[in-house]
Amino acid sequence: MTDQRDDSGNSETKRASAGPFILAVAIVALILGGIFVSSWLSPADENVTAEDRISRVVADYVAAHNENDTKTLQSLTCANFDPKTGPLADSEGDVEMQGINQSSISGDRATTDVRLSGGGQDQRVEVWTLTRDGDSWNICT
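Now for a quick tour of the structure. Just so you know, these numbers come straight off a predicted model, no measurement behind them.

A closer look at the pairing of strand β2 (residues 109-118)
Right, so step 1: Pairing of strand β1 (residues 95-106) with β2 involves nine bridges; the strand directions are antiparallel. The residue of β2 that forms the bridge with I105 is A110.
Right, so step 2: Between β1 and β2, which pair antiparallel one after the other, the connecting turn spans two residues, and G107 there sits at a positive phi close to 65°.
Right, so step 3: As judged from the nine bridges shared by β2 and strand β3 (residues 121-133), these two strands associate in the antiparallel manner. Paired with A110 across the bridge in β3 is L130.

So, in structure tokens, the structure goes:
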């Protein structure tokens, strides 16, 4: 008697299917395509308001003031800007911008109420004047 087993009749041949992989790649391609199309139709620069740009310039100015970065300070200010009479002229040491209360924009000019603390002074609100140069805003005296 032979105890040999014949498994040839019971063996199942399994083939790996590429279907799930192709489906996953197609889904990822659709998602990436949707992101590309939405960013092309509505660029991020167009979603930024004038108030957002003003807030960014004020925050950058305060940061540059704290770092004594004169090059950046000059790039954020008007041509006739006098640092001796401009915002933060009386501040000693680091200043922290707490936020902006409100901005009033009229054409290429704006004023904004900036909440500040530090710099050797108590918490305060200062009115800053800005002018628009193209898409960017500059701080003026």
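Don't stop here, the text continues.
Re the side chain of H65
Right, so step 1: Counting through the fold element by element, H65 comes out in helix α2 (residues 50-66).
Right, so step 2: Beyond its immediate sequence surroundings of up to four residues, H65 is in contact with L73, L88, S91, G93 and V95.

Quick word on the sheet that holds β3
Right, so step 1: On the basis of which strands lie adjacent, the open sheet formed by four strands has the order β1-β2-β3-β4 and antiparallel pairing. Where the open sheet ends on each side, the last strands, each with one partner, are β1 and β4 (136-140). Ignoring which end each strand starts from, the neighbouring axes of this sheet average 30° apart.
Right, so step 2: Contacts from α2 reach β1, β2, β3 and β4 within the one sheet, and its direction differs from that of β1 by about 145°.

Details of the nonpolar core
Right, so step 1: Among the nonpolar cores identified, the biggest contains 18 residues, and Y61, L88, L116, W128, L130 and I139 are the most heavily contacted of them.
Right, so step 2: For this core, the secondary structure elements donating two or more residues are α2, β2, β3 and β4.
Right, so step 3: The biggest single contributor to this core is α2, with six residues.
Right, so step 4: Those residues within four positions of Y61 in sequence are excluded, and the remaining contacts are L73, L76, T77, F81, P87, L88, W128 and I139.

Quick notes on the pattern of salt bridges
Right, so step 1: Under the defined criterion, the tally for this structure stands at three salt bridges.
Right, so step 2: In this structure, R56 engages D60 in a salt bridge whose closest nitrogen and oxygen atoms are separated by 3.0 Å. Here R56 and its partner D60 are both found in helix α2, four residues apart, which amounts to about one turn of the helix.

Overview of the environment of P83
Right, so step 1: Structurally, P83 can be placed in the loop between α3 (70-75) and β1.
Right, so step 2: Once the C-alpha coordinates of P83 and C140 are considered, the two residues, 57 residues apart in sequence, prove to be 9.5 Å apart.

Cut-offs and rules
- Per-chain numbering applies: the sequence of each chain, read as written, is numbered from 1 onward.
- Since the coordinates come from a predicted model, pLDDT governs what is reported: local features require at least 70, and pairs of side-chain atoms require 80 or more to be given and counted, while whole-chain, interface and lining totals use all residues.
- Where side-chain values are given, they derive from all heavy atoms of the structure, hydrogens and water being excluded.
- When DSSP finds two or more bridges between a pair of strands, those strands are recorded as paired.
- Helical segments are the DSSP runs of H or I of at least four residues, strand segments are the runs of E of at least two, and each set is numbered from the N terminus.
- Whether two residues are in contact is decided by their heavy atoms, any of which lying within 4.5 Å being enough.
- Lines fitted to the C-alpha atoms define the axes, with helices restricted to the stretch that makes contact. Angles between their N-to-C directions range from 0 to 180 degrees.
- Note on terminology: a nonpolar core comprises buried Ala, Val, Leu, Ile, Met, Phe, Trp, Tyr and Cys residues joined through side-chain atoms within 4.5 Å.
- With a 1.4 Å probe rolled over the protein chains alone, any residue whose accessible area is under 20% of its type maximum counts as buried; one over 50% counts as exposed, and the rest are partly exposed.
- Salt-bridge detection follows one rule: a side-chain nitrogen of Lys or Arg within 4 Å of a carboxyl oxygen of Asp or Glu.

Read these as spatial facts, not as claims about activity.
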